[in-house]
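The lines below spell out each chain.
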Amino acid sequence: MLNKKSVDDINVKGKKVLVRCDFNVPLQDGKITDENRLVAALPTIKKLIADGGKIILCSHLGKPKGEPKPELSLAPVAKRLSELLGQEVKFAADPEVVGPNAKAAVAEMKDGDVILLENTRYRAEETKNGDEFSKELASLCDVFVNDAFGTAHRAHCSNVGVTKYVDTAVVGYLMQKEIDFLGNAVNNPERPFVAILGGAKVSSKISVINNLLDKVDTLIIGGGMSYTFSKALGGHIGKSLCEDDYLQYALDMMKKAEDKGVKLLLPVDNRIGDDFSNDCNIQVVKRGEIPDGWEGMDIGPETEKIFSDAVKDAKTVVWNGPMGCFEMPNFAHGTEAVAKALADTDATTIIGGGDSAAAVNILGYGDKMTHISTGGGASLEFLEGKELPGVAAANDK
């Protein structure tokens, strides 16, 4: 998975290049409210334009569930991309995606031209990886480039199926960066290697914890999932988040860490609230001493210090999942402390997508991180050590 051909390994002059991008951007009243994903796709698109390819872009947007929904059309994306690139991005408005408009537009393309197809999920077969749609997409191009890491953990027509019918399939710069950072962090890290896991559920991170315990020197666990560990240790957690089915699993993981000589750090204190809101009454208590009617909302000040110290001398840090309810300012302290500690370290710092990416950006530490992944689910599966279909489908070097 770590040795794939990229856009730097091919010559696209005069060739039709289908590029699967991740243009799954938030829209409000037809306006794009966050264009990070568009900006992130530009280097690959510009490279292909400069090399004289005929560039056909495709992406999904939202979940139209196999039918054309006007509010999920990619038309606004074509408009904004035209502005960002400084040249027209022609929009092929076919509800069936590969239809008369797309075919006519492709037939007329000159070197360096760019067109954008309609939302690939307008077709029900897209998410089922159906052959017919894969063949239609492949019929438009000579070369396929996958630059959509956000869907790399799914086998769909537009990122995996199409590669069966195209001789040349490579990854774009965004994908390459994800492979380099996430892949090498997990498989070939510079040590000491510290992983920080947060978020609500132990159940969604089981395989990650298990896989990382074989790789890391220190594993830090915070966020909602830490209360399951606290209860497993016999602590009192009030009405905090807890998955009772995973209490034994938590104990097993602590044992595995001990057997492997991995330092496993859990919160020693918590900020707690008597209601799930920013304006509730707040107190700080020791781990396992949360009274009835109260719930853990964030790690406490003592824990912030311990977690921050743990990353000081690290050479590689991977972080996935916030330390508390960071959307509420009164319970963002823990997540902010960890973000600050990562900003201050010399280590390679890699932020798994999703909530952790949102948190470091909202708190203003985004530009201090080495790499912020563009895929939540995909980055988790990378950390689990799973093969990602979207990456595996590209040609090997």
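Sequence order sets the numbering: in each chain, residues are counted from 1 along the sequence as written. Local features in a predicted model are, by the rule used here, given only for residues with pLDDT of at least 70; side-chain atom pairs are given and counted only at 80 or more, and totals for whole chains, interfaces and linings are based on all residues. To obtain the side-chain values, all non-hydrogen atoms of the structure were used and water was disregarded.

**Remarks on helix α2 (residues 75–85)**
Then comes step 1: What α2 keeps buried is the set Pro 76, Val 77, Ala 78, Leu 81, Ser 82 and Leu 85.
Then comes step 2: Contacts are assigned to residue pairs that have any heavy atoms within 4.5 Å of one another. Think of it this way: any DSSP run of H or I at least four residues long counts as a helix, any run of E at least two long counts as a strand, and we number them from the N terminus. Contacts from the buried residues of α2 go to β2 (27–28), β3 (31–32), α1 (36–50), β4 (54–58), β5 (89–92) and β6 (114–117).
Then comes step 3: Within two residues after α2, Gly 86 carries a phi angle of roughly 75°, on the positive side. Type-normalised accessible area, obtained with a 1.4 Å probe on protein chains alone, sets the label of each residue: buried when under 20%, exposed when over 50%, and partly exposed for intermediate values.

**As for the nonpolar core**
Nonpolar side chains in soluble globular proteins tend to end up buried together.
Then comes step 1: Membership of the largest hydrophobic core comes to 39 residues, with the highest contact counts inside it found for Phe 149, Ile 209, Leu 219 and Phe 229.
Then comes step 2: Where this core is concerned, the elements lending two or more residues are α5 (173–187), β9 (193–197), α6 (206–212), β10 (218–221), α7 (226–232), α8 (247–260) and α12 (376–383).
Then comes step 3: Those residues in contact with Phe 229, other than ones at most four positions away along the chain, are Val 202, Ile 209, Ile 221, Ala 250, Met 253, Met 254 and Leu 266.
Then comes step 4: Here, nonpolar core means buried Ala, Val, Leu, Ile, Met, Phe, Trp, Tyr and Cys residues that are tied together by side-chain atoms lying within 4.5 Å of each other. Formed by 29 residues, the second largest nonpolar core is a distinct cluster that contains Val 12, Val 17, Cys 21 and Leu 74.

**Remarks on the UniProt feature "binding site: (2R)-3-phosphoglycerate" (unreviewed entry) in the chain**
Then comes step 1: Per the UniProt annotation, the sites labelled "binding site: (2R)-3-phosphoglycerate" (unreviewed entry) are Arg 37, Arg 121 and Arg 154. Checked against the lining of the largest cavity, the annotated residues reduce to Arg 37.
Then comes step 2: Topologically, Arg 121 is positioned in the loop between β6 and α4 (131–139).
Then comes step 3: In this view, Arg 121 contacts His 60, Gly 62, Lys 63, Pro 64, Lys 65, Gly 66, Glu 67, Glu 126, Thr 127, Thr 151 and His 156; residues no more than four positions away in its chain are not counted.
Then comes step 4: Within the fold, Arg 154 resides in the loop between β7 (143–146) and β8 (168–171). UniProt positions are given in the numbering used here, feature names are shortened, and annotations may be inferred rather than shown by experiment. Cavities and pockets were defined on a 1 Å grid built from protein atoms only: a cavity is a group of points that admits a 1.4 Å probe but offers it no way out, a pocket is an open group of points flanked by protein on both sides within 12 Å along at least five of seven lines, and a lining residue is one with an atom within 4 Å of any such point.

**Examining the packing of α1 against α2**
Then comes step 1: Close contact between α1 and α2 brings their axes to 11 Å; oriented N to C, the two are set at 65°. Considering how the two elements wind past one another, α1 and α2 form a crossing that is right-handed. Judged by residue contacts, Leu 38, Leu 42, Ile 45, Lys 46 and Ile 49 of α1 engage Val 77, Arg 80, Leu 81, Leu 84 and Leu 85 from α2. Fitted lines through C-alpha atoms give the axes, limited to the stretch in contact for helices. The angle between two N-to-C directions lies from 0 to 180 degrees. It is the rotation of the near helix from the far one that decides the hand of a crossing: anticlockwise by less than a right angle makes it left-handed, clockwise makes it right-handed.

**Re the sheet that holds strand β13 (residues 269–273)**
Strand pairing in a sheet relies on backbone hydrogen bonds, with the paired strands running either antiparallel or parallel.
Then comes step 1: Pairs of strands are assigned from DSSP output, requiring at least two bridges between the strands. What the three strands build is an open sheet, ordered β14-β13-β16; its pairing is antiparallel. Edge strands, defined here as strands with exactly one partner in the open sheet, are β14 (282–286) and β16 (295–299). In this sheet, adjacent strand axes meet at a mean angle of 40° when their direction is disregarded.
Then comes step 2: Note: β13 against β14, five bridges, orientation antiparallel. When the sheet's bridge partners are listed, Gly 273 is paired in β14 with Ile 282.
Then comes step 3: Helix α9 (residues 301–312) rests against β13, β14 and β16 of the sheet, and its axis sits at about 135° to β13.
Then comes step 4: Docked against the sheet, helix α10 (residues 333–344) engages β13 and β16, running at close to 20° with respect to β16.

**Remarks on the packing of aromatic side chains**
Then comes step 1: A pair of Phe, Tyr and Trp rings is counted when the ring centres sit within 6.5 Å of each other, with Trp represented by its six-membered ring. The angle between the planes then sorts it: under 30 degrees is stacked, over 60 is edge-to-face, the rest tilted. The tally for this structure, following the rule as stated, stands at two aromatic pairs.
Then comes step 2: Ring geometry for Tyr 246 against Tyr 249: centres 6.3 Å apart, planes inclined by 90°, an arrangement best described as edge-to-face.
Then comes step 3: According to the relative accessible area criterion, Tyr 246 is partly exposed, its value standing at 25%.
Then comes step 4: By relative accessible area, which is 13% here, Tyr 249 ends up buried.

**Focus: the sheet that holds strand β18 (residues 348–351)**
Then comes step 1: If you walk across this open sheet you meet the six strands as β12-β10-β9-β17-β18-β19, and the pairing is parallel. Only two strands of the sheet have a single neighbouring strand rather than two, namely β12 (263–265) and β19 (371–372).
Then comes step 2: Note that β9 and β10 share four bridges and pair parallel. Considered in β10, the bridge of Val 194 is made with Thr 218.
Then comes step 3: Against the sheet, α9 makes contact with β9, β10, β12 and β17 (316–320), and its axis sits at roughly 155° relative to β10, the strand it touches most.

**Points about α9**
Then comes step 1: To estimate how far a helix should reach, multiply one less than its number of residues by 1.5 Å. Taking 1.5 Å per residue as the helical rise, α9 with its twelve residues ought to reach 16 Å, and the 17 Å between its terminal C-alpha atoms agrees with that figure.
Then comes step 2: Of all the residues in α9, the buried ones are Thr 303, Glu 304, Phe 307, Ser 308 and Val 311. Angular distribution of buried residues about the axis of α9 spans 130°; they occupy a single face of the element. Away from its buried face, by an angle of more than 90 degrees, α9 presents the exposed residues Lys 305 and Lys 312. By definition, the arc is the one covered by directions from the helix axis to the C-beta atoms.

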